[in-house]
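Overview (structure and organization)
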Amino acid sequence: MNPQGQNNDIPEITECIVCGKPLTSDRAICKLKQDGLWVAICCPHCYDSFQKKSKYYINKYMALKSYKKIWHGQSE
Ligand SMILES: [Zn+2]
């Protein structure tokens, strides 16, 4: 792990996974990989919530993601 190459595989994250607040990667207090998914946290309070219910937030995030895909990516 070298610090310079580390950023390359972290995708741009646009919102806090807990509260959904718009967020850029450099403003997140914390970025972490959970179940193969990069997530961003905006504040210690959200971090705390995420630690307690990470599965719940991951599932919610994934569901929202596929929901958005249906709305924006519909081709038929
Ligand atoms: Zn948040």
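Here is a short report on the structure shown in this document. This is a predicted model, so every value here is computed, not measured. (Residues numbered from 1 in each chain as written. Predicted model: local features only at pLDDT ≥ 70, side-chain atom pairs only at ≥ 80, totals over all residues.)

**Quick look at the nonpolar core**
- If you look at the biggest cluster of nonpolar residues, it comprises 12 residues: Cys16, Ile17, Val18, Leu23, Ala28, Val39, Ala40, Ile41, Cys42, Cys46, Phe50 and Tyr57.
- The set of elements that each furnish at least two residues to this core consists of β2 (37-41) and α1 (44-52).
- Counting residues per element, this core draws most heavily on β2, which supplies three residues.
- In this structure, Phe50 is in contact with Ile17, Val18, Ile41 and Tyr57, ignoring residues within four places of it in sequence. (Core = buried A, V, L, I, M, F, W, Y, C linked by C-beta atoms within 7 Å. Buried ≥ 20, exposed ≤ 12 C-beta atoms within 10 Å, placed from the backbone. Helix = DSSP H or I, 4+ residues; strand = E, 2+ residues; numbered from the N terminus. Contact = placed C-beta atoms within 7 Å.)

**Examining the pairing of β2**
- Looking at chain direction, strand β1 (residues 30-34) and β2 are connected through five bridges and run antiparallel. Counterpart to Leu32 in the pairing with β2 is Val39.
- In sequence, β1 turns back onto β2 through a hairpin of two residues, with Asp35 there showing a positive phi of about 50°. (Pairing = 2+ DSSP bridges.)

**Some thoughts on helix α2 (residues 54-72)**
- If you check α2, its first and last C-alpha atoms are 27 Å apart, about what 19 residues at 1.5 Å a residue would give, namely 27 Å.
- A small share of α2 lies buried, amounting to one of its 19 residues. (Expected span 1.5 Å × (residues − 1).)

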